[in-house]
Amino acid sequence: MWAGRFAKALDSKADDFNSSIRFDCKMYRQDIEGSIAHANMLAKQGIISASDCVSIVEGLGGILDDIESGALAFDMGCEDIHMFVEAELTKRIGDAGKRLHTARSRNDQVALDVRMYLRQRASDIRTLLVALVGEITDKAEENKAVIVPGYTHLQRAQPITFGHHLMAYSMMLLRDISRLDDAVKRMNYSPIGSCALAGTTYDTDRRYEAENLGFDGITLNSIDGVSDRDFCLELMSTFSIIMMHLSRLSEEIILWSSWEFKYIELDDAYTTGSSIMPQKKNSDMAELVRGKTGRVYGDLLALLTTLKGLPLAYNKDMQEDKEAVFDAVETVEMCLDIFAPMIRTMRVKADNMYRAAQEGFINATDLADYLTKKGMPFRSAYKIVGQLVAECIDKKCVLDNLPLDAYKAHSELFEDDLYNEISLETCVAKRISEGGTSVASVEMQIAYVREELKK
Ligand code: ARG
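Everything quoted here is computed from the prediction, not taken from an experiment. (Residues numbered from 1 in each chain as written. Predicted model: local features only at pLDDT ≥ 70, side-chain atom pairs only at ≥ 80, totals over all residues. Heavy atoms only, no water.)

K.L.:
How should the overall build of the protein be read in this particular structure?
P.N.:
A tally of regular secondary structure across the protein gives 20 helices and six strands. Taken along its principal axes, the extent of the C-alpha atoms in the protein is 100 × 55 × 40 Å. Counting every position in the protein, which comprises 455 residues, the buried fraction comes to 49%. Contacts spanning at least 24 positions in sequence make up 75% of the contacts within the protein whose residues lie at least 6 apart. Accessible surface for the protein amounts to roughly 22,000 Å². Of this, 53% is attributable to carbon and sulfur atoms. Treating the 53 positive side-chain charges of the protein as one cloud and the 71 negative ones as another, the clouds have centres 3 Å apart. (Helix = DSSP H or I, 4+ residues; strand = E, 2+ residues; numbered from the N terminus. Buried < 20%, exposed > 50% of the residue type's maximum accessible area, 1.4 Å probe, protein only. Contact = heavy atoms within 4.5 Å. Areas by Shrake-Rupley, 256 points an atom, 1.4 Å probe, with all protein chains shown as cover. Lys, Arg positive; Asp, Glu negative; His and termini not counted. Charge placed at Lys NZ, Arg CZ, Asp CG, Glu CD.)

K.L.:
Quick question: what am I supposed to make of the packing of aromatic side chains here?
P.N.:
The geometry of an aromatic ring pair comes down to the distance between the two centres and the angle between the two planes. The final tally for this structure, using the stated rule, is 10 aromatic pairs. On the numbers, 6.0 Å between centres and 55° between planes, the contact of Tyr151 with Phe261 is tilted. Here the residue Tyr151 occupies a position in strand S1 (residues 147-152), and Phe261 occupies one in the loop between helix H11 (230-257) and strand S5 (264-265), the gap between them amounting to 110 residues. Exposure remark for Tyr151: the relative accessible area of 24% places this residue in the partly exposed category. (Phe/Tyr/Trp six-rings, centres within 6.5 Å; stacked < 30°, edge-to-face > 60°.)

K.L.:
Looking at this structure, how should I read the environment of Lys349?
P.N.:
Here Lys349 shows up in the loop between strand S6 (347-348) and helix H14 (350-358). With residues up to four places along the chain from it excluded, the contact list for Lys349 reads Lys262, Tyr263, Ile264 and Glu265.

K.L.:
Please clarify how the side chain of Ser283 should be interpreted in this entry.
P.N.:
Position of Ser283 among the secondary structure elements: in the loop between S5 and helix H12 (284-307). The exposure class of Ser283 is buried, given its relative accessible area of 5%. Ignoring sequence-local partners within four residues, the contact set of Ser283 consists of Ile254, Ser257, Leu266 and Thr271.

K.L.:
Just to check I follow, could you spell out the environment of Cys335 for this structure?
P.N.:
Within the secondary structure, Cys335 sits in helix H13 (residues 321-344). For the pair formed by Cys335 and Glu323, sequence separation is 12 residues and the distance between their alpha carbons is 18 Å. Setting aside residues no more than four positions away along its own chain, Cys335 makes contact with Met243, Leu246, Val289 and Lys292.

K.L.:
How do you make sense of a nonpolar patch on the surface when you look at a structure like this?
P.N.:
Taken together, the side chains of Met1, Trp2 and Phe6 define a hydrophobic patch exposed on the protein surface, amounting to about 380 Å² of accessible area. Tracing the chain through its elements places Trp2 in the segment before helix H1 (12-18). The exposure class of Trp2 is partly exposed, given its relative accessible area of 40%. (Patch = residues over 30% accessible without salt bridge, like charges linked within 9 Å, V, L, I, M, F, W, Y side chains within 5 Å. Salt bridge = Lys/Arg side-chain N within 4 Å of Asp/Glu carboxyl O.)

K.L.:
Honestly, the packing of helix H8 (residues 162-187) against H11 in this entry has me stumped. Any pointers?
P.N.:
A pair of packed helices can be characterised by two numbers: the angle between their axes and the separation between those axes. In the contact formed by H8 and H11, the axes pass within 8 Å of each other and the chain directions differ by 165°. Compared by their axis directions, H8 and H11 come out roughly antiparallel. Classified by chirality, the crossing of H11 by H8 is left-handed. Each residue belonging to the contact of H8 with H11 can be placed in one class, and the counts come to 15 nonpolar, three polar and six charged. (Axes fitted to C-alpha atoms, helices over the stretch in contact; angles between N-to-C directions. Parallel < 35°, antiparallel > 145°, perpendicular 65-115°, else oblique. Left-handed = near helix turned anticlockwise from the far one by under 90°. Nonpolar A, V, L, I, M, F, W, Y, C, P; charged D, E, K, R; others polar.)

K.L.:
Would you mind going over the nonpolar core with me for this structure?
P.N.:
The nonpolar side chains of a soluble globular protein tend to be buried with one another. Counting residues in each nonpolar core, the largest one holds 93 residues, and the members touching the most others are Leu118, Phe239, Leu246 and Ile253. By residue number, the principal contributor to this core is H11, which donates 13 residues. Those residues in contact with Phe239, other than ones at most four positions away along the chain, are Ile125, Leu180, Val296, Ala328, Val329 and Val332. Core analysis: the second largest hydrophobic core is formed by 21 residues, Phe361, Ala364, Leu367 and Leu418 among them. (Core = buried A, V, L, I, M, F, W, Y, C linked by side-chain atoms within 4.5 Å.)

K.L.:
Explain the pairing of S1 here, please?
P.N.:
Looking down a regular strand, the side chains alternate between one sheet face and the other. Summarising the sheet, S1 and strand S2 (residues 155-161) pair through six bridges and their orientation is antiparallel. Across the sheet, the residue bridging to Pro149 is Pro159, located in S2. Joining the antiparallel neighbours S1 and S2 is a turn of two residues, in which His153 adopts a positive phi near 55°. (Pairing = 2+ DSSP bridges.)

K.L.:
Mind showing me how you'd approach the pattern of salt bridges here?
P.N.:
Side chains carrying opposite charge are able to pair once their charged atoms draw close together. Tallying each qualifying case throughout the model produces 42 salt bridges. Residue Arg229 is joined to Asp321 by a salt bridge in which the shortest nitrogen-to-oxygen separation is 2.7 Å. Here Arg229 is found in the loop between helix H10 (222-227) and H11, whereas its partner Asp321 is found in helix H13, with 92 residues between them in sequence. Here Arg229 falls in the buried class, since its relative accessible area comes to 1%. In this structure Asp321 comes out as buried when scored by relative accessible area, which is 0%.

K.L.:
What exactly am I supposed to notice about the site of the ligand here?
P.N.:
Taken together, Ser20, Asp24, Asp80, His82, Arg106, Asn107, Val110, Tyr314, Gln319 and Lys322 are the residues near the ligand. One of the side-chain nitrogen or oxygen atoms of Ser20 is found 3.2 Å away from a nitrogen atom of the ligand. Here an oxygen atom of the ligand and a side-chain polar atom of Lys322 are 2.6 Å apart. Coverage of the ligand by the protein amounts to 86% of the 340 Å² it exposes when considered alone. Considering each element in turn, the shell around the ligand owes the most residues, three residues, to helix H7 (residues 106-142). Per-class residue counts for the shell around the ligand are two nonpolar, four polar and four charged. (Near = heavy atom within 4 Å. Polar contact = N/O pair within 3.5 Å; in protein donor to acceptor, adjacent residues only side chain to side chain.)

K.L.:
Got a minute to help me understand helix H4 (residues 50-69) in this structure?
P.N.:
An α-helical turn contains 3.6 residues, so a residue and the one three or four places further along point in the same direction. Taking 1.5 Å as the rise per residue, H4 with 20 residues should run 28 Å; its terminal C-alpha atoms sit 29 Å apart, in good agreement. Taken residue by residue, H4 has Asp52, Cys53, Ile56, Gly59, Leu60, Ile63, Leu64 and Ile67 as its buried positions. Taken around the axis of H4, the buried residues stretch over an arc of 140°, which confines them to a single face. Structural note: H4 exposes Ala50, Glu58, Asp65 and Ser69 on the side pointing more than 90 degrees away from its buried face. Buried residues belonging to H4 abut helix H3 (28-44), helix H5 (81-93) and helix H6 (95-98). (Expected span 1.5 Å × (residues − 1). Arc of directions from axis to C-beta.)

Next up, the structure:
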């Protein structure tokens, strides 16, 4: 390509080292679509002839068809996908192909292709996220009245419904959808026409080209246009947060599936056995999602580190953006894809959840509130209930079956109605504050999420 300036060819190892086609070939469609729009713009502006434009557009269309049908294989000897498409075009249509690269550079071309590619993949990921939130919300609805201990510090804390717990994840992932939309909004500005770094002397129409490629506008500084990779970082930050959410849910699924909890059972289709222990049923999918979270964080950190301290404008270091961001995209996509059916087919063991909720004094707060509502200051009530819990532990009973005279020994405010007041059903039903665990509140959350998903 640059034979004019050089006396000898690149060393073959250096050539391999320099080349990016083995991973950037994924962007062949975006590269071709971008080039078609570029040729159309050049012709509209009278920079190339109408007949050259027709040959270029037809030639590029043929290349796209042949790549998709498998008739044309990528030449791994080319430096990157941009060089490959241009060389193939020139092979097919001759001199007109050599005019395509007028008023652009690979620097703005690659910036364009990556934006277009990620825009598409972000939309695929959005679809998967919507599906997953739908599955979690359906599961929550099925379990909106199933009582389970809620935890803090992984210690049984207060009774909640399993539906309420699941809806927490729907809320997280709903925010992820909005974060993704936000990242795409800022990504959707076209850098093409920034050229190498300084713009061009040709009378181009960047806005026309951008509009034809579905962008909301153009980048307004040519140096920024070619050196900005914020959109990759924003996307990977969003992916990292998505993975963090999936990892937290994975961890709970792994715990809940254990014999110590036995709150849920994953379907056989999403678990594996052990090669030596015949009794085992392992939550490998959830463990892998948890594990792959580290990998996506790593992708983000890798690109942040690559970009740190890079002088303006384009530097070859930036070729490292693609492997990181592609890996993150593919990993998140795989994880979301496996998660939705794993949730759908998960069996909830409501009896075990209820049994666990009966132990552990998770109605102690409600007993303190009982006294407080009868006029005792909360701190005094808190202390009495603490003593009652200690008494129960001693007598190997729970608050629900401690006799009334044992209560009365601590306070005359205790009456027979306390037992109803501290039943698990009452504890849940009475948590009617907005966002609380009552069935009505969970139903409101479900309706809200379903409405948001329709948008
Ligand atoms: N393969 C390159 C990349 O991914 C394309 C841009 C190359 N530009 C250059 N001036 N060498 O970043």
